[in-house]
Amino acid sequence: MAENAGAPEAAGKSVATVWATLSRALLWMAVAACVFAAYLSWSGPGGPLPRPDVFDRFLMLVGIGSWGASLWGGIWALILACLIAVGAVGTGLQRDRERALMQALEAEPGARAVTRAGGALIWCNAPFAELAGDGQAEAVAALAQRLDGDDTAARFNRLKENTEAGGAADGVFRMRRPDGAIKWLRIQVRPFRELKGWVMWCVEDITARRRMEFDAEEERRRLIGFLDDAKVAFYAADAEGRIDFVNRPFAELVGISAARLTDGRHHLADLLGTGVADPSKPYSALPAGVSGNRGETAFRRRDGSTFPAEVLQVISGEAGQPSLKSHALVRDLGAEQEIDAALAHAEDRFHTLFDGAPSGIAILDTDLLVRECNAAFRRVAAAGEEVDGRSIRDLVVEDDRPALEAWLAEAVAGDGSGEVLNVRLADIEDGEGALHVTPLHDAEGAPAGLILHLLDTTQHRRLEAQFTQSQKLQAVGQLAGGIAHDFNNLLTVMIGFCDLILQRHRPGEQTFADIMQIKQNANRAANLVRQLLAFSRQQTLQPTVINITDVLAELSNLLSRLIGVNITLDVLHGRDLNLVKVDQVQFEQVIINLAVNARDAMKAGGGTLTIATANADIDRAQRLGSDMMPPGRYVSISVADSGTGIAKAHLDRIFDPFFSTKEVGAGTGLGLSTVYGIVSQTGGFVKVDSVEGKGTTFTIYLPVYEPTEEEQLQEQASAAEDVAEPARDTSGVGTVLLVEDEDPVRLFGARALRNKGYQVLEAKNGDSAIAVLEDADNPIDLVISDVVMPELDGPGLVREVRKRYPSMKVIFISGYAEDEFREKLERETDIHFLPKPFSLEQLAGKVKEVMAG
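Residues numbered from 1 in each chain as written. Predicted model: local features only at pLDDT ≥ 70, side-chain atom pairs only at ≥ 80, totals over all residues. Heavy atoms only, no water.

Trainee: Which residues make up the overall build of the chain, and what values go with them?
Mentor: Within the chain one finds 23 helices and 30 strands. Sequence separation of at least 24 residues holds for 58% of the intrachain contacts in the chain that already meet a minimum separation of 6. Element-wise, carbon and sulfur atoms account for 54% of the exposed surface of the chain, whose accessible area totals about 47000 Å². (Helix = DSSP H or I, 4+ residues; strand = E, 2+ residues; numbered from the N terminus. Contact = heavy atoms within 4.5 Å. Areas by Shrake-Rupley, 256 points an atom, 1.4 Å probe, with all protein chains shown as cover.)

Written out as structure tokens, the structure is:
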């Protein structure tokens, strides 16, 4: 650009020269006009340039005359002198102003130029000349050619067109220098107001500012990108609450795009829940009354729903000033609250399952201390007492602690965690439990404790013991049932033949007394067999509907003699007592056994035996020992004494056969076993309450008899026919078939019945009896048959007989009856039973009763 260094100076001079020439031309034109006017005024008609006549006539017309011409000439001369003076002074001032203007324009840091509207250059300074390059006349066009960009030419042409139309215009353009460097220019074009067609060009280099703006925009984009990618929502608002900026997470939270939120029409209050916004602080998202810049609030989504959020806001600027800004981070609490609610629900369910688990669960630390446990564990291990903080060792009996410690050590080491350890519990009397263990480890795999599962096996062990005892009872029962048949046959023969012999002797004879002793001891033996069958529940019952009040009234005299004079018997009868269906003989045996036990408990100092009856309505099931009594209507019979009571350790064994706390020889150990067997076989239950030193109460619950419609009709018919009859003798007439496999029993029975007037046919077994029936000359009125016989037994014989003789009357005799026969006997009303051993009178009386029926 060295060759163009003089171009600005020449351009400046050309402008000054134009201004100076123009001003001088105007001044000299004025001087020439004044000289001509003075000449016209001073010249006469004879001069070298005579003035026109018209001028003189004009002067005469106005009345001035010739003296007036001289006056006008002086005036014009004075004006001429003034013009010359003004011209001289004005020219100097103009030159000073032009010089100052040129210096000011040259001193401008920006490029400046004056052109005509079409672009012809009038003047430019050095920076403009440097931008435009060669060719002053085409400086603007040269500048346009050096601009860079796709739409630069179009925009620059629009700028020129705007100036040609007399308007102002500006724009930012990019220019590429010859060395390839990029410059950014801001070009402003302004027309002169007084010089029409002249235009001032101002060009400013904004490269540095543009670079700063670009860098700031890049930073802003990076910041926006960072905020958009952030996991937390962010917004900015001004003093009026107008949203200035939001990131993408915030826009997603409220369901409105970032562009819409920042369009200037959305305020913070529009995004808050109803009643949340604080009118005094439109820039704050926190509700009124919340101090500080952190708290919880509620935002509204686009669909109108709200969600809770935590806001951390920073307020910059003074309240009430437009420059105030609010920047806030927003954390959605809705999802967290849902998670918290789900966790709380899961925790509640866990605690429900944990606390409601039927088995005990406990968490132990590494020192084997209980840190947490459920209710079942407390109930099983400590009878409901708190065990947190206690060592697991203290919860088992001392003898089991070494085994427990060794077992837990194996579990911690990873061995034997699947094994079960049975322990006895220290806080529970006779309590036992089964332990299962699972080791706990921390995140690094180190031992962190143990999980214990405790199962209450106390009842299980008791049931095992009871089952074992029942097995023993069953074995004894099978033994009793097995010997009862043969033994009762022997007793039947002994008692029967004693009766036959007694018929030939008088009561005063010694032989009569001796035979009576034999018979009485045979009867005692028969009672012992009955007790064996009763406790083993294999006695054949003949239940009838009875009134307990009547039975106890009849039995009270016997009980009074039985218990002795030093014991008071008090019988309390319940009012309107319901009926029951039991075997009266066996029921009396139950009361007698309980009374004897009570007598023995009060033997030392006497006391009171109280028997009380009442109706009992049980509304829920109750556990009585090992039995479960269902709800229902019962009649209760309680037998209470004021004796020594029963030790707690013995309560579980009092119904065991042969168990007795009496001295040797004082009892058989079958009394309470018989009570339990008879009551259970009847469908009742026995409850025991005892306090050592105060006495014992046995309460029997018998189900209330509720007759069927058929039974009610039979009872009504029986009552109508029930008339008092005088006592009859046991003799009779008729044909009886006696079937018995034991010859002595058959022999006794046949002789006894023949002595009573009956015709007796004998048979050794069921097959022989069928043959006798078929060969009999006379009709047979009654069949008396043993139950248990080889080949065809008693029930089988009856079935065959009734095929031929459906109305045949039957009496079964047996010392032992199978369950199936007992059930059949209870259902069939036309089958009678006479248990062995029986006397002559019992046999004859039963036959008389059946034959008469």
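And the narrative resumes.
Trainee: Kindly report on the side chain of Thr 699, identifying the contributing residues and their values.
Mentor: If you trace the backbone, Thr 699 turns up in strand E25 (residues 695–703). With a relative accessible area of 10%, Thr 699 lands in the buried category. Setting aside chain neighbours within four positions, we find Thr 699 in contact with Ser 636, Ile 637, Ser 638, Phe 685, Val 686 and Lys 687. (Buried < 20%, exposed > 50% of the residue type's maximum accessible area, 1.4 Å probe, protein only.)

Trainee: Explain the confidence of the model for the chain to me, using residue names and the numbers behind them.
Mentor: A residue-level look at the chain finds 76% of positions with pLDDT of 70 or above and a mean pLDDT of 78. Taken as a whole, residues 720–727 scores under 50 in pLDDT and shows zero contacts with residues more than four places along the chain or in a different chain. (pLDDT = per-residue confidence, 0-100.)

Trainee: Tell me about the pairing of strand E20 (residues 607–618), and please be specific about residues and values.
Mentor: In the sheet, strand E18 (residues 567–572) pairs with E20 via six bridges, with the strands oriented parallel. Residue pairing for E20: Ile 567 is matched across the bridge by Gly 607. (Pairing = 2+ DSSP bridges.)

Trainee: Describe the sheet that holds strand E23 (residues 632–641), with residues and values.
Mentor: Two strands in a sheet stick together by hydrogen bonds in their backbones, pointing the same way (parallel) or opposite ways (antiparallel). The five strands are arranged E18-E20-E23-E25-E24 in an open sheet whose pairing can be described as mixed. Two strands in the sheet have a free side with no partner beyond their single neighbour: E18 and strand E24 (685–691). On average, each strand axis in the sheet is inclined to that of its neighbour by 15°, with strand direction left out of account. In this structure, E24 lies alongside E25, joined through seven bridges in antiparallel fashion. Across the sheet, the residue bridging to Val 688 is Phe 698, located in E25. Against the sheet, helix H16 (residues 584–601) makes contact with E18, E20, E23 and E25, and its axis sits at roughly 30° relative to E23, the strand it touches most. (Axes fitted to C-alpha atoms, helices over the stretch in contact; angles between N-to-C directions.)

Trainee: Lay out the pattern of salt bridges in plain terms, naming residues and giving numbers.
Mentor: Scanning all chains against the criterion turns up 24 salt bridges. Put simply, Arg 248 and Glu 252 hold a salt bridge, and the shortest N to O gap is 4.0 Å. Here Arg 248 and its partner Glu 252 are both found in helix H8 (residues 248–254), four residues apart, which amounts to about one turn of the helix. For Glu 252, a relative accessible area of 58% translates into the label exposed. Measuring nitrogen to oxygen at the nearest pair gives 3.1 Å for the salt bridge that ties Asp 400 to Arg 424. Here Arg 424 lies in strand E14 (residues 421–424) and Asp 400 lies in the loop between helix H11 (375–382) and helix H12 (401–412), a separation of 24 residues in the sequence. A single network of salt bridges, built from pairs that share partners, joins Asp 743, Arg 746, Arg 754 and Glu 762. (Salt bridge = Lys/Arg side-chain N within 4 Å of Asp/Glu carboxyl O.)

Trainee: Let's hear about unusual backbone geometry: which residues, and what values?
Mentor: One can expect most non-glycine residues to show negative phi and most peptide bonds to be in trans. Lys 836 connects to Pro 837 through a cis peptide bond whose omega is -5°. Here Pro 837 lies in the loop between strand E30 (831–835) and helix H23 (840–852). One non-glycine residue, Asp 576, lies in the positive phi region at around 50°. Here Asp 576 shows up in the loop between E18 and strand E19 (580–582). Asp 576 sits in the exposed class, given a relative accessible area of 71%. Within the chain, Glu 791 stands out as a residue other than glycine whose phi angle is a positive 60°.

Trainee: Break down the environment of Ile 122 for me, with residues and values.
Mentor: Mapped onto the fold, Ile 122 is located in strand E2 (residues 121–124). According to the relative accessible area criterion, Ile 122 is buried, its value standing at 17%. Once the C-alpha coordinates of Ile 122 and Met 200 are considered, the two residues, 78 residues apart in sequence, prove to be 9.8 Å apart.

Trainee: I'd love a proper account of the side chain of Ser 690, names of residues and values included.
Mentor: Its location among the elements puts Ser 690 in strand E24. At a separation of 3.5 Å, a polar atom in the side chain of Ser 690 contacts the main-chain carbonyl oxygen of Gly 695. A polar atom in the side chain of Ser 690 sits 2.8 Å from the side chain of Thr 696. When neighbours within four sequence positions are excluded, Ser 690 is seen to be in contact with Gly 645, Ile 646, Leu 651, Gly 695 and Thr 696. (Polar contact = N/O pair within 3.5 Å; in protein donor to acceptor, adjacent residues only side chain to side chain.)

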